[in-house]
Amino acid sequence: MELIAQRSELIEVAKGNRPADLYIKGGTVINVYSGEFLQQNIAVYKDCIAYIGTSEASIGADTLVINAEGKYLSPGFIEAHAHPWVFYNPVSVTGKVVPLGTTTTVNDNLFFYLHMGAAGFKEMVQDLKPLPGNFFWLARLVSQADYPGERDWYNHQDIRELLELDEVLGSAEVTRWPLLYNGDPFLLDTMDFVKSLGKVSDGHTAGCSYEKLNAVVASGVTACHEAITAKEAFDRLRLGMWTTLRNSSLRPDLAEIVKLITEGKVSTSRIVMTTDGPHPSFIEKEGFVDGLVRQAVELGVPVMTAIQMVTINAATYLRLDDYIGGLAPGRKADILMLPDLVDFRPDTVIASGEIVAQNGKLTASLPEIDWNKYIVRQPFVFSKSVLENRNLYRYPHPDESDPVPVAYFRSNVITQRKDTELPSANGYADLSNYEGLVNAVLIDRNGEWISRSILEGFAVNLDGMASTYNTTTELLVVGRNPDAMAKAASRVHEMGGGIAIVDNNEVILEIPLPFTGMMTTTPSFATAVDYHDQLLSALQERGFPFHDILYTLLFLTCDFLPGLRLVPYGLYEVKTDEILLHSTPLTTVNYQMKR
């Protein structure tokens, strides 16, 4: 991490021989190193803290003095596991969370790399440097769903170039952790490379038993945020992992897993917290890292411990504790002025020595980004007319005696196989008399293949919806009416990515997501909130029974969560590692339909 202030300059300010740029007087310093609350002042020079104590010798004629009497001075909060692509984009989410006290985010590069490649991603990283606060990355080593050509895209040279960037702190979670368990040579070789750089290897071990977890830890993974019970959190901590307690829109589990601390009485030095990419409305309502601290304290975690988990602990895990995570000389001046230790909402946020937010409003400027200049993949390679064929959206079922494997939604993201006897009409499954069943297809945006499935418990009254918002960013189309599905798919094609819902042959909702098919391009976080609320409301009105539609869409097309999944290779059963219905070439399908 580069600092603007020179060490020699900081020494002079600390001695009182050079005036500070900023002097915060009369506050209570939250010392996360010693665990004390101390009545001290802070002198800031350029982007760094130069002095903490009671001396006022560094106050000069031009020093800005801030009266912090009655306020608590905290290190800036750190989100060590962020996903800046949940409708919002890196700029819009930063503009929202910095005023909430999060001055450092460490971000997953998944969809950026998928659509930009190494060169485009590196250019974007440089263009985002003017963002207020510290904006870091973790680089994916594989995607969240295997697809033809994946290993060529995620190749040694490009991945290593990204891992060597100063802004990239290590490797991102490998959601398909069985690859690590089975000793995938590419991943193990890259893990060793990450270690040689002195960087971190984030992890994702959802559903991993204690016995299997041993092998995953041996592969080199250093952290995991997927514990959903206190026991699972214990397992990870006891095996030497940095254990990240999560509270997100999909998994609001903090009340359970925090028992690791409140009842388990464990050492908390290797425990951090994360929001794990919540949907926009969750942040609007619950906050970001400030919300984690607030809830942890409400659940019985001592204030100091809660703040340490999102400051010095996170910084130590990221190997940046010489620069961020605490208030001390030589550290970056990322400082929060908290009115109380109940809400943990700062009334002033200082990042790199500059006041960037006050009273919940951003005062710093945000960079203007032309997002599409980094993209190397076209939104759609084929003509929109391909999508007008209604038979694309039906499940092949020529033999009524064969049960159809239906993906039944048990929760937002977990499905279960239900073999169901269905009638056949013209070679396709007839769902007309089966309430609750809808067709779903995944169409390659390069026009090469199509995968099909039938869903139950998704949205019983949904005529047609199309979305590029999913873990593959291909075109996912769901509904009970093939004509409505075709119209929704065509509308998303016209938008170049996004979500469209069709009811009675009318487009009743459209959400443009032109940036990788996942994100808005506006710097307005409120736009992302509004889009999310409209989408959730429209689908719940049509029978969607769950609370987090964005993660339902995201994970339907992954290949690592239990149940049936719609992936590029076809209808996939995760438990048996079996393709139940293979994808077919899109051109062949069209030819057969037209005959």
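Note that the coordinates shown come from a computational prediction; the quantities given were computed from them, not determined experimentally.

Peer 1: Quick question: what am I supposed to make of the pairing of strand β3 (residues 36-39) here?
Peer 2: In regular strands, side chains alternate between the two faces of the sheet. As paired elements, strand β2 (residues 28-31) and β3 share four bridges and run antiparallel to each other. Its bridge partner lying in β3, I30 is registered against F37. Count of turn residues in the β2/β3 antiparallel hairpin: four residues, of which G35 carries a positive phi of about 75 degrees.

Peer 1: Would you take a moment to explain the sheet that holds strand β4 (residues 41-45) for this structure?
Peer 2: Within a sheet, neighbouring strands are paired by backbone hydrogen bonds and run either parallel or antiparallel to one another. If you trace the four strands from one edge of the open sheet to the other, you get β5-β4-β1-β6, paired in mixed fashion. The two strands at the open ends of the sheet, each matched to only one other strand, are β5 (48-53) and β6 (64-67). In this sheet, neighbouring strand axes are inclined to one another by 20 degrees on average, regardless of whether the strands run parallel or antiparallel. Pairing geometry for β4 and β5, over five bridges, is antiparallel. Pairing of N41 across the sheet is with G53, part of β5. Against the sheet, helix α1 (residues 7-15) touches β4 and β5, its axis set at about 25 degrees to β5.

Peer 1: It is not clear to me how the nonpolar core should be interpreted in this structure. Could you clarify?
Peer 2: Here is a general trend for soluble globular proteins: nonpolar side chains tend to be buried in one another's company. Counting residues in hydrophobic clusters, the biggest one holds 146 residues, and the most contacted among them are W85, F87, M124, F458, Y469 and L535. The element that contributes the greatest number of residues to this core is helix α3 (residues 110-127), accounting for 10 residues. Built from parts of two domains, this core gets at least three residues from each of domain 1 (74-373) and domain 2 (377-590). Discounting residues that sit within four places of it in the chain, F458 has contacts with F409, V438, M465, V478, G543, F544, P545, I549, T552 and L553. Within the second largest apolar cluster, 21 residues are counted, among which are F382, V441, A484 and M485.

Peer 1: Would you explain the sheet that holds β3 in this entry?
Peer 2: Spatially, the seven strands line up as an open sheet ordered β3-β2-β7-β16-β17-β18-β19, and their pairing is mixed. Taken across any chain shown, the strands that pair with only one partner, and hence form the sheet edges, are β3 and β19 (361-362). In terms of strand pairing, strand β17 (residues 348-351) meets strand β18 (residues 354-358) through four bridges, oriented antiparallel. What sits directly across from I350, in β18, is I355.

Peer 1: Can you help me understand the side chain of R246 in this one?
Peer 2: Mapped onto the elements of the fold, R246 is located in strand β14 (residues 242-246). Of the polar contacts made by the side chain of R246, one reaches the side chain of D276; its length is 3.0 Å. Ignoring anything within four residues of it in the chain, the contact list for R246 reads H225, E226, I228, R251, D253, L254, I257, T274 and D276.

Peer 1: What should I look at first to understand the packing of aromatic side chains in this one?
Peer 2: Geometrically, a pair of aromatic rings is defined through the distance of the ring centres and the angle of the planes. Counted according to the given criterion, the structure contains 18 aromatic pairs. Between W177 and Y181, the aromatic rings sit 6.5 Å apart at their centres with planes inclined by 85 degrees, giving edge-to-face as the arrangement. Judged by its relative accessible area of 10%, W177 falls in the buried class. Residue classification places Y181 among the partly exposed residues on the basis of a relative accessible area of 35%.

Peer 1: Help me understand the pattern of salt bridges in this model?
Peer 2: Pairing between side chains of opposite charge can happen when their charged atoms approach one another. Tallied over the entire structure, the rule returns 31 salt bridges. Salt bridges sharing partners connect three or more residues here, namely K384, R491, E494 and E510.

Peer 1: Where do I start with the UniProt feature "domain: Adenine deaminase C-terminal" (unreviewed entry) in the protein in this structure?
Peer 2: Mapped onto the present numbering, the UniProt feature "domain: Adenine deaminase C-terminal" (unreviewed entry) falls at residues 413-576. With 24% helix and 34% strand, residues 413-576 has its two end C-alpha atoms placed 18 Å apart.

Peer 1: Help me out: how do you make sense of the side chain of N89 in this one?
Peer 2: The residue N89 is located in the loop between β8 (77-82) and α2 (90-97) in this model. By relative accessible area, N89 is classed as buried at 0%. Within the structure, the side chain of N89 is placed 3.0 Å from the backbone nitrogen of V91, a separation counted as a polar contact. At 2.9 Å, the side chain of N89 and the backbone nitrogen of S92 are in polar contact. Sequence-distant contacts of N89, that is, excluding residues within four places in its chain, are made with P84, W371, M519, T520, T521 and T522.

Peer 1: How should helix α16 (residues 482-495) be read in this particular structure?
Peer 2: For α16, which comprises 14 residues, the first-to-last C-alpha distance of 20 Å matches the rise-based estimate of 20 Å (1.5 Å per residue) to within 8%. Burial of α16 is extensive: 10 of the 14 residues sit out of reach of the surface. For α16, every residue scored as buried is listed here: P482, A484, M485, A486, A488, A489, S490, V492, H493 and M495. In this structure, the buried residues of α16 make contact with β24 (437-443), β26 (464-467), β27 (475-479), β28 (498-503) and β29 (506-512). By the N-cap criterion, in which a side-chain oxygen at the helix start approaches the backbone nitrogen of a residue two or three places on, α16 is capped by N481, the distance to D483 being 2.9 Å. Backbone geometry just after α16 places G496 at a positive phi near 75 degrees.

Cut-offs and rules
- One numbering rule holds for all chains: residues counted from 1, following each sequence as written.
- Confidence filtering applies because this is a predicted model: local features only for residues at pLDDT of at least 70, side-chain atom pairs given and counted only at 80 or more, and all residues used for totals across whole chains, interfaces and linings.
- By convention in this description, side-chain values take in all heavy atoms of the structure and omit both hydrogens and water.
- In short, DSSP must find at least two bridges between two strands for them to pair.
- Secondary structure elements are defined from DSSP: runs of H or I of at least 4 residues count as helices, runs of E of at least 2 residues count as strands, and each element is numbered from the N terminus.
- Only the stretch in contact is used when a helix axis is fitted, and all axes are lines through C-alpha atoms; the angle between N-to-C directions ranges over 0 to 180 degrees.
- The criterion used for residue contact is that any of the two residues' heavy atoms lie within 4.5 Å.
- Take the buried Ala, Val, Leu, Ile, Met, Phe, Trp, Tyr and Cys residues and link them wherever side-chain atoms come within 4.5 Å; each set so joined is a nonpolar core.
- Buried residues are those whose accessible area, probed at 1.4 Å on protein chains only, stays under 20% of the maximum for their type, while exposed residues exceed 50% and partly exposed ones sit between those limits.
- Source of the domain bounds: an automatic or database domain assignment.
- Two N or O atoms form a polar contact when they lie within 3.5 Å of each other; inside protein one atom must be a possible hydrogen donor and the other a possible acceptor, and for residues adjacent in sequence the pair counts only when both atoms belong to side chains.
- By convention, a stacked pair of Phe, Tyr or Trp rings (six-membered ring in the case of Trp) has centres within 6.5 Å and planes under 30 degrees apart, an edge-to-face pair has planes over 60 apart, and any other such pair is tilted.
- Throughout this description, the term salt bridge denotes a Lys or Arg side-chain nitrogen within 4 Å of a carboxyl oxygen of Asp or Glu.
- UniProt positions are given in the numbering used here, feature names are shortened, and annotations may be inferred rather than shown by experiment.
- Expected helix span is taken as 1.5 Å per residue step, with the number of steps being one fewer than the number of residues.

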